[in-house]
Amino acid sequence: MISKCSDAEKIQILDLDLQDVSQVLVDILCRFYFEKSVFEEREKGELNADDFCRHMREAQEKSYGNGLNSERHEYMWAVKSHYYSTGLDFYNFPYAFGQLFAAGLYARYKKEGPDFAKTYAELLSNTGNMSCEDLCKKAGFDITTKDFWKSGIEMYAKEVEMLKEI
């Protein structure tokens, strides 16, 4: 689709996609860092609002670095209800997993071409019958390696480069 668009349309499409993936991969990474640090410290004792704010600031700094302005939303923990719902620990992980899994599958499609349709159909038909790792190994690739995940991230890096060129 993007190859048939004007430069102005390409900018809109790329910007929208990159904003979406940034929210999923960067902001959700921040939420993971926050939850992980809270659980680790909570094992040692009670936490108060200042502790939660500190953990949120640290998670945001670790995730955003100098990629955003210096403003941080240290009370983010107070406005996200899933932090208080039993059974929803690390609630955001599936979003990041799904985003990168789909991107990795798309990278395989780009590499293999139309033949990938058979692999994809097999993945879909076996979903739920085995672990994700075994499912993917049966389909001919290994999601336990960094290479699979990097292949998806590279797609977004190429979008950034395309946007810069335009």
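Coordinates for the structure precede this section.
Criteria and thresholds
- Position numbers for residues start from 1 in each chain and track the written sequence from start to end.
- Since the coordinates come from a predicted model, pLDDT governs what is reported: local features require at least 70, and pairs of side-chain atoms require 80 or more to be given and counted, while whole-chain, interface and lining totals use all residues.
- To get the side-chain values, all heavy atoms of the structure are used, and hydrogens and water are removed first.
- In this analysis an axis means a line fitted to C-alpha atoms, helices contributing only their contacting stretch, and an angle means the value between N-to-C directions, from 0 to 180 degrees.
- Helical segments are the DSSP runs of H or I of at least four residues, strand segments are the runs of E of at least two, and each set is numbered from the N terminus.
- If an angle is under 35 degrees, it is roughly parallel; if it is over 145, roughly antiparallel; if it lies from 65 to 115, roughly perpendicular; otherwise it is oblique.
- Note on contacts: a residue pair qualifies if any of its non-hydrogen atoms lie within 4.5 Å across the two residues.
- Note that Gly is not counted as nonpolar here; it falls among the polar residues with everything else outside the nonpolar set of Ala, Val, Leu, Ile, Met, Phe, Trp, Tyr, Cys and Pro and the charged set of Asp, Glu, Lys and Arg.
- Should a side-chain nitrogen of Lys or Arg be within 4 Å of a carboxyl oxygen of Asp or Glu, the pair is scored as a salt bridge.
- Residue exposure (1.4 Å probe, protein chains only): buried if accessible area is under 20% of the type maximum, exposed if over 50%, otherwise partly exposed.
- Residue types Ala, Val, Leu, Ile, Met, Phe, Trp, Tyr and Cys, when buried and joined through side-chain atoms within 4.5 Å, form a set referred to as a nonpolar core.
- Here, expected helix span is obtained from the residue count minus one, scaled by 1.5 Å.
- In plain terms, two cysteine sulfur atoms within 2.5 Å form what is called a disulfide here.
- Only four residue types enter the tally: Lys and Arg on the positive side, Asp and Glu on the negative side, with His and both chain ends excluded.
- The handedness criterion is simple: a crossing whose near helix is rotated anticlockwise from the far helix by less than a right angle is left-handed, and one whose near helix is rotated clockwise is right-handed.

Student: For this particular structure, what's the right way to read the packing of helix 4 (residues 93-112) against helix 7 (residues 146-165)?
Tutor: For any two helices packed against each other, one specifies the inter-axial angle together with the distance between the axes. Running from N to C, helix 4 and helix 7 point in directions that differ by 85°, and their axes come no closer than 7 Å. Relative to helix 7, the element helix 4 is oriented roughly perpendicular. Contact with helix 4, carried on its side by Phe97, Gln99, Leu100, Phe101, Ala103, Gly104, Leu105, Tyr106, Ala107 and Arg108, involves Phe148, Trp149, Ser151, Gly152, Ile153, Met155 and Tyr156 of helix 7 and no other residues of that element. When the residues that make up the contact of helix 4 with helix 7 are grouped by side-chain class, the tally is 12 nonpolar, four polar and one charged.

Student: Explanation requested: the pattern of salt bridges in the structure shown.
Tutor: Any two side chains of opposite charge can pair, given that their charged atoms come close. Within this structure, the stated rule accounts for nine salt bridges. Asp27 is paired through a salt bridge with Arg31; the nearest N and O atoms lie 2.8 Å apart. Placement of the pair is Asp27 and Arg31 together in helix 1 (residues 7-42), with a separation of four residues, close to one helical turn. Judged by relative accessible area, which is 9%, Arg31 ranks as buried. Taking the shortest distance from any N to any O, the salt bridge between Glu46 and Arg42 comes out at 3.1 Å. On the accessibility criterion, Arg42 (40% relative accessible area) is partly exposed.

Student: Hey, could you run me through the nonpolar core in this one?
Tutor: Within soluble globular proteins, side chains that are nonpolar tend to cluster in buried spots. If you look at the biggest cluster of nonpolar residues, it comprises 12 residues: Leu100, Phe101, Leu105, Phe116, Leu123, Leu135, Cys136, Ala139, Phe141, Ile143, Phe148 and Trp149. For this core, the secondary-structure elements that each account for two or more residues are helix 4, helix 5 (116-126), helix 6 (132-138) and helix 7. With residues near it in sequence (within four places) discarded, Leu105 still touches Phe116, Tyr120, Leu123, Phe141 and Phe148. Listed in part, the 11 residues of the second largest apolar core include Val38, Leu47, Met76 and Tyr83.

Student: Can you help me understand helix 7 in this one?
Tutor: Three- or four-residue spacings in an α-helix give side chains the same orientation, since the helix completes a turn every 3.6 residues. Compared with the 28 Å implied by 1.5 Å per residue over 20 residues, the 28 Å span of helix 7 between its first and last C-alpha is a close match. Within helix 7, the full set of buried residues consists of Phe148, Trp149, Gly152, Tyr156 and Glu159. Structurally, helix 7 contributes buried residues whose contacts are with helix 1 and helix 4.

Student: Please clarify how the state of the cysteines should be interpreted in this entry.
Tutor: Formally, a disulfide is one covalent bond, and it connects the sulfur atom of one cysteine to the sulfur atom of another. Applying the stated rule across the entire model yields zero disulfides. Of all cysteine sulfurs, the one in Cys30 lies closest to Cys53, which takes part in no disulfide; the gap is 13 Å.

Student: Got a minute to help me understand the side chain of Glu159 in this structure?
Tutor: Structurally, Glu159 can be placed in helix 7. Of the side chains with opposite charge, Lys110 comes closest to the buried, unpaired Glu159, at an N-O distance of 10 Å. Residues in contact with Glu159, not counting those within four places in the same chain, are Leu14, Asp17 and Leu18.

Student: What should I look at first to understand the packing of helix 1 against helix 4 in this one?
Tutor: Contact geometry for helix 1 and helix 4: axes closest at 9 Å, N-to-C directions at 135°. With respect to their mutual orientation, helix 1 and helix 4 come out oblique. Judged by the sense of rotation from one axis to the other, the crossing of helix 1 with helix 4 is left-handed. Every residue of helix 4 that contacts helix 1 at Asp20, Val21, Val24, Leu25 and Ile28 is listed here: Tyr95, Ala96, Gln99 and Leu100. Taken together, the residues that form the contact of helix 1 with helix 4 break down as seven nonpolar, one polar and one charged.

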